[in-house]
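Geometric and topological summary
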Amino acid sequence: QKEVEQNSGPLSVPEGAIASLNCTYSDRGSQSFFWYRQYSGKSPELIMFIYSNGDKEDGRFTAQLNKASQYVSLLIRDSQPSDSATYLCALLGSSNTGKLIFGQGTTLQVKP
Amino acid sequence: DGGITQSPKYLFRKEGQNVTLSCEQNLNHDAMYWYRQDPGQGLRLIYYSQIVNDFQKGDIAEGYSVSREKKESFPLTVTSAQKNPTAFYLCASSILGGPPTSTDTQYFGPGTRLTVL
């Protein structure tokens, strides 16, 4: 079992819809979780981080964390074509080394 | 203007050559990281350093070497022992904190695309 699992997609949604991206993880000791967006040929840029159970909202983005079920998700409301990118889920492992463990990423396509 | 810089943006290597990728940050971050990304895949950790003059192997360190002589700089050398070095190389940095906070966040440089000729 991979430490961080994401569906590679592509996930296709129409413009204006809600895009839901999911990530599951195996290390129950993980405490911090991050969502990065990566456009083709570019480096990842941080969208959100979350470390408490529940929801965290920032503009059109909402991160959801459920430690008991070991999943973290990212919702994008009112999806725009400019949101089309690969979304990487990452977590800070329980080893306290500062190492991030990344999923393989989910490709999102927002169609006009 | 704070941030992480990587150079060169594109690099071509001949068989048997060692090449060095530069990574510099002026964010006063303690920790620095090197990742490799292959097409359609996530990031894999090569090396990381939490303090000057100390560094640790990541998951795929074979064929690579690093140094951390200054807090701001963390160069990566891709040696001839790395048999399949063609990839996108990303450098990142973060403040190392105690409890999980935003200071754990890693910020990435623009990357170096290495191609073996």
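In what follows, the accompanying structure is described.

Focus on the layout of surface pockets
The calculated volume of the largest pocket comes to roughly 440 Å³. Around the largest pocket, the lining comprises 22 residues; the ones closest to its centre are Glu3, Ile101 and Phe102 of chain A together with Leu43 and Asp59 of chain B. Residue assignment for the lining of the largest pocket shows that the elements contributing at least two residues are β10 (100-102) of chain A together with β5 (43-51) of chain B. Ranked by residue count, the leading element in the lining of the largest pocket is β5 of chain B, at four residues. Among the residues making up the lining of the largest pocket, the classes are represented as eight nonpolar, eight polar and six charged. By volume, the second largest pocket amounts to about 300 Å³. Gln38 and Gly41 of chain A together with Gln37, Pro39 and Gly40 of chain B are the residues nearest the centre of the second largest pocket, which is lined by 16 residues in total.

Section: the environment of Pro112 of chain A
All names here are of chain A. Examined against the element boundaries, Pro112 turns out to sit in the segment after β11 (106-111). Along the chain, Pro112 and Gln80 lie 32 residues apart, while their C-alpha atoms are 7.8 Å from each other. The residues contacting Pro112, other than those within four sequence positions of it, are Glu15 and Pro81.

As for unusual backbone geometry
In this structure, the amide linkage connecting Gly9 of chain A to the following residue, Pro10 of chain A, adopts the cis form with an omega of 10°. Looking at the secondary structure, you find Pro10 of chain A in the loop between β1 (4-6) and β2 (11-14). Following Ser7 of chain B, the chain continues into Pro8 of chain B via a peptide bond in cis, with omega recorded as -5°. Locating Pro8 of chain B in the fold gives a position in the loop between β1 (4-7) and β2 (10-13). For Asn28 of chain B, which is not glycine, the phi dihedral falls at a positive 60°. Within the fold, Asn28 of chain B resides in the loop between β3 (19-25) and β4 (31-37).

Notes on the pattern of salt bridges
Within this structure, the stated rule accounts for six salt bridges over all chains. The residue Asp83 of chain A makes a salt bridge to Arg60 of chain A at a minimum N-O spacing of 2.9 Å. In this pair, Asp83 of chain A is assigned in the loop between β8 (71-76) and β9 (85-92) and Arg60 of chain A in the loop between β6 (54-58) and β7 (61-66), connecting sequence segments 23 residues apart. The exposure class assigned to Asp83 of chain A is buried, which follows from its relative accessible area of 1%. Here Asp30 of chain B makes a salt bridge to Lys71 of chain B, at a shortest N to O gap of 3.5 Å. Taken together, the residues span a long stretch of sequence, with Asp30 of chain B in the loop between β3 and β4 and Lys71 of chain B in the loop between β7 (64-66) and β8 (76-78) at a distance of 41 residues. Classification of Asp30 of chain B as partly exposed rests on a relative accessible area of 30%. One network of salt bridges, in which partners are shared, links Arg36, Asp38 and Arg44 of chain B.

Let's talk about the interface of chain A and chain B
When the parts come together, some accessible area is lost, and that loss is often what is quoted as the size of the interface. Tallying the contact residues gives 22 residues for chain A and 25 residues for chain B. Carbon and sulfur atoms supply 57% of the area buried between chain A and chain B, which totals about 1,700 Å² over both sides. The interface formed by chain A and chain B contains zero salt bridges. Linking chain A to chain B there are three residue pairs in polar contact (both at pLDDT 80 or more). Counting residues per element, the ones that place at least two in the side of chain A that touches chain B are β4 (32-38), β5 (45-50), β9 and β10 of chain A. Here the side of chain A that touches chain B gets four residues from one element, more than from any other, and that element is β4 of chain A.

Some details on the pairing of β4 of chain A
All names here are of chain A. Burial analysis of β4 places seven of its seven residues in the buried class, the great majority of the element. Taking every second residue as pointing to the same face, both faces of β4 are buried, with Ser32, Phe34, Tyr36 and Gln38 on one and Phe33, Trp35 and Arg37 on the other. Judged from the seven bridges that link them, β4 and β9 form a sheet pairing that is antiparallel. Considered in β9, the bridge of Trp35 is made with Cys89. Relative to β5, β4 runs antiparallel, the two being bridged by five bridges. Residue pairing for β5: Arg37 is matched across the bridge by Glu45. Hairpin connection of β4 to β5: six residues between the antiparallel strands, including Gly41 at a positive phi of 80°.

Quick notes on the rules
Residues numbered from 1 in each chain as written. Chains lettered and ligands numbered in written order. Predicted model: local features only at pLDDT ≥ 70, side-chain atom pairs only at ≥ 80, totals over all residues. Heavy atoms only, no water. 1 Å grid on protein atoms, 1.4 Å probe; cavity = no way out; pocket = protein on both sides within 12 Å on 5 of 7 lines; lining within 4 Å. Points joined across faces, edges and corners; volume = space filled by probe spheres on them. Helix = DSSP H or I, 4+ residues; strand = E, 2+ residues; numbered from the N terminus. Nonpolar A, V, L, I, M, F, W, Y, C, P; charged D, E, K, R; others polar. Contact = heavy atoms within 4.5 Å. Salt bridge = Lys/Arg side-chain N within 4 Å of Asp/Glu carboxyl O. Buried < 20%, exposed > 50% of the residue type's maximum accessible area, 1.4 Å probe, protein only. Buried area = accessible area lost by both parts, 1.4 Å probe. Polar contact = N/O pair within 3.5 Å; in protein donor to acceptor, adjacent residues only side chain to side chain. Pairing = 2+ DSSP bridges.

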